[in-house]
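Structural overview
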Amino acid sequence: MSGVSTTNEWSFRDEALAATHRWHLIVLFCLVGGLAGWLVSLVLPSPHRATKELFVGLNVFRSADDRNAVEHAGLPISSANDYKNWQMSSLNSVIFMDTVLDETLSRLRVVDPYWQNIGRQDLAEMLHVYWRNAGKWRLVAEHEDPVYAAQAVIAWQDVIVEKVHASVAHAQNAQLISDEWKAIADQAAQSKGQIAGLEQIRGELLAWRNDLFGRPADQVLIESDRLLLQQLFDQTGHANPWQASLAAFPPVGSPNEAYIGWIERALSLLDTQIQVSQARMDEMDRWQTDLAESYSDASDNSLGLSAELLVQKISDRKLEQITVRSTGVAILVGAAVGLILWALVWLVTPALRKNS
């Protein structure tokens, strides 16, 4: 009763030793696993991957002035880093736009009849892009046939470059229009202030005329009033239209009626100047309206891309083609799975033996 049998206790050393004597089972599991991997590679052939590269560059120094990007973002862009991230995200969206995919399909159908039965969604599932930041972007197309993978990525790259170049050109045009609009807005603000100043002087002249009408016509205008009236010339900001009137300003000792006549002539010149300034103001308003419409069209066609964005092909990089999953890798993976299954069986068998 004092002795206890230990024959059923599990020993790793004994089990490992026993396993080495059954090495043929290990080989059998690996062979079966490798065969299964090979069969899977036949049933589910590996796609071929074709890759082309693009260079993407961005000048962020004018990010604060890029009104077009801010409007498309719908959010304030507070830093150059935000501006860069927004542009990279916008470019990523543009290259998968329906118009880009449709144009790519259109060109592929001219190259090969195979693409006649391929839809936009089917093409989108073949295409991928890999990037981390500005710099090198990798365009990838995957297909069971390497020929079709190559055709897809080449056509896609061509369409992307053309589309982005056209959008950037519209963005540059939008930037020019925006700068022109701002310049006209500044001129319009100056004209508006100028008209307001002229209207104020006109009101003062009318007040002087009404006041002088209430005085005796032959009474001499006192010097202080004469100087106040003459100082109105200095507020107009228009020397040339007023030179003739200033030269005809009544001399010292002239009666009130002489100043009334001078005010009448000055009011006539002033009204003409106000009309000219108002006409120019109206013209600038129409100009701004036309520019706003042109800006809206250019902005829409820019797709939110920056005027400072550069996208071009990397000329020294040829088409790269690889097999995503080679048959050899499939066999190795299958063999590894077989080895793992054998290890599981090896670990579970002693426990089952003990319970029995």
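To be clear, the structure that these remarks concern was listed above.
A brief look at the structure comes next. For clarity, every value in this text was computed on a predicted model and none was experimentally measured.

**Examining the overall build of the protein**
- When its secondary structure is counted, the protein shows eleven helices and five strands.
- Taking all contacts inside the protein whose residues are at least 6 apart in sequence as the whole, residues at least 24 apart take part in 80%.
- Put simply, the protein shows about 20,900 Å² of open surface, and 58% of that area lies on carbon and sulfur atoms.

**Things to note about the side chain of T104**
- When you line up the elements, T104 lands in helix α5 (residues 98–111).
- Ignoring any residue separated from it by four or fewer positions in sequence, one finds T104 in contact with L123, A152, A155, W156 and V159.

**Structural notes on a negative patch on the surface**
- Side chains of D290, E293, D297 and D300 sit close together on the surface and give a patch of like negative charge.
- Inspection of the secondary structure puts D297 in helix α10 (residues 256–302).

**Examining the packing of aromatic side chains**
- A full pass over the atoms with the stated rule returns seven aromatic pairs.
- Here the aromatic rings of F96 and W156 are separated by 5.4 Å at their centres, their planes lie at 50 degrees, and the arrangement is tilted. Note that F96 is positioned in the loop between α4 (80–94) and α5 and W156 in helix α7 (residues 146–213), a separation of 60 residues in sequence.
- On the basis of an interplanar angle of 5 degrees and a centroid distance of 4.6 Å, the ring pair of W131 and W137 is categorised as stacked.
- Look at W131 and you get partly exposed, because its relative accessible area is 30%.
- Put simply, the rings of Y114, W115 and Y148 touch in pairs and so form one group of aromatic residues.

**Topic: unusual backbone geometry**
- Of note in this structure, L303 is not a glycine but carries a positive phi near 60 degrees.
- Tracing the sequence through the fold places L303 in the loop between α10 and β4 (309–313).
- For L303, a relative accessible area of 25% corresponds to the partly exposed category.

**Description of the packing of α5 against α7**
- Packing of α5 against α7 brings their axes to within 9 Å, and their N-to-C directions diverge by 130 degrees. Comparing their axes, α7 and α5 come out oblique. Note on packing geometry: the crossing formed by α5 with α7 is right-handed. Of α7, the residues touching α5 (which contributes T99, V100, L101, E103, T104, R107, L108 and V111) are Q151, A152, A155, W156, D158, V159, I160, E162 and K163.
- For the contact of α5 with α7, the class distribution of residues is nine nonpolar, three polar and five charged.

**Brief notes about α4**
- With 15 residues, α4 extends 21 Å between its outermost C-alpha atoms, agreeing within 8% with the 21 Å of an ideal straight helix rising 1.5 Å per residue.
- Turning to α4, its buried residues are Y83, K84, Q87, M88, S90, L91 and V94. Projection of α4 onto a plane perpendicular to its axis shows the buried side chains occupying an angular sector of 160 degrees, all on one side.

**Remarks on the nonpolar core**
- Counting residues in hydrophobic clusters, the biggest one holds 37 residues, and the most contacted among them are L91, W115, L123, W156 and L309.
- Those elements that place two or more of their residues in this core are β1 (48–58), α4, α5, α6 (120–126), β2 (127–130), β3 (135–143), α7 and β4.
- Counting residues per element, this core draws most heavily on α7, which supplies eleven residues.
- When neighbours within four sequence positions are excluded, L309 is seen to be in contact with V56, G57, L58, Q87, M88, L91, V164 and V168.

**Some words on the environment of K192**
- Along the polypeptide, K192 turns up in helix α7.
- Given a relative accessible area of 57%, K192 falls into the exposed group.
- For the pair K192 and M281, spaced 89 residues apart in the sequence, the C-alpha separation amounts to 7.2 Å.

**Focus: the environment of I177**
- Locating I177 in the fold gives a position in helix α7.
- The buried category is assigned to I177, whose relative accessible area is 8%.
- Between the C-alpha atoms of I177 and A298, which are 121 residues apart in sequence, the distance is 8.8 Å.
- Discounting chain neighbours no more than four positions away, the residues touching I177 are L291, S294, Y295 and A298.

**A closer look at the environment of G261**
- Topologically, G261 is positioned in helix α10.
- Placed twelve residues apart in sequence, G261 and F249 show a C-alpha to C-alpha distance of 9.8 Å.

Calculation notes
Residues numbered from 1 in each chain as written. Predicted model: local features only at pLDDT ≥ 70, side-chain atom pairs only at ≥ 80, totals over all residues. Heavy atoms only, no water. Helix = DSSP H or I, 4+ residues; strand = E, 2+ residues; numbered from the N terminus. Contact = heavy atoms within 4.5 Å. Areas by Shrake-Rupley, 256 points an atom, 1.4 Å probe, with all protein chains shown as cover. Patch = residues over 30% accessible without salt bridge, like charges linked within 9 Å, V, L, I, M, F, W, Y side chains within 5 Å. Salt bridge = Lys/Arg side-chain N within 4 Å of Asp/Glu carboxyl O. Lys, Arg positive; Asp, Glu negative; His and termini not counted. Charge placed at Lys NZ, Arg CZ, Asp CG, Glu CD. Phe/Tyr/Trp six-rings, centres within 6.5 Å; stacked < 30°, edge-to-face > 60°. Buried < 20%, exposed > 50% of the residue type's maximum accessible area, 1.4 Å probe, protein only. Axes fitted to C-alpha atoms, helices over the stretch in contact; angles between N-to-C directions. Parallel < 35°, antiparallel > 145°, perpendicular 65-115°, else oblique. Left-handed = near helix turned anticlockwise from the far one by under 90°. Nonpolar A, V, L, I, M, F, W, Y, C, P; charged D, E, K, R; others polar. Expected span 1.5 Å × (residues − 1). Arc of directions from axis to C-beta. Core = buried A, V, L, I, M, F, W, Y, C linked by side-chain atoms within 4.5 Å.

In short, the description is geometric, and any link to function would need to be established separately.
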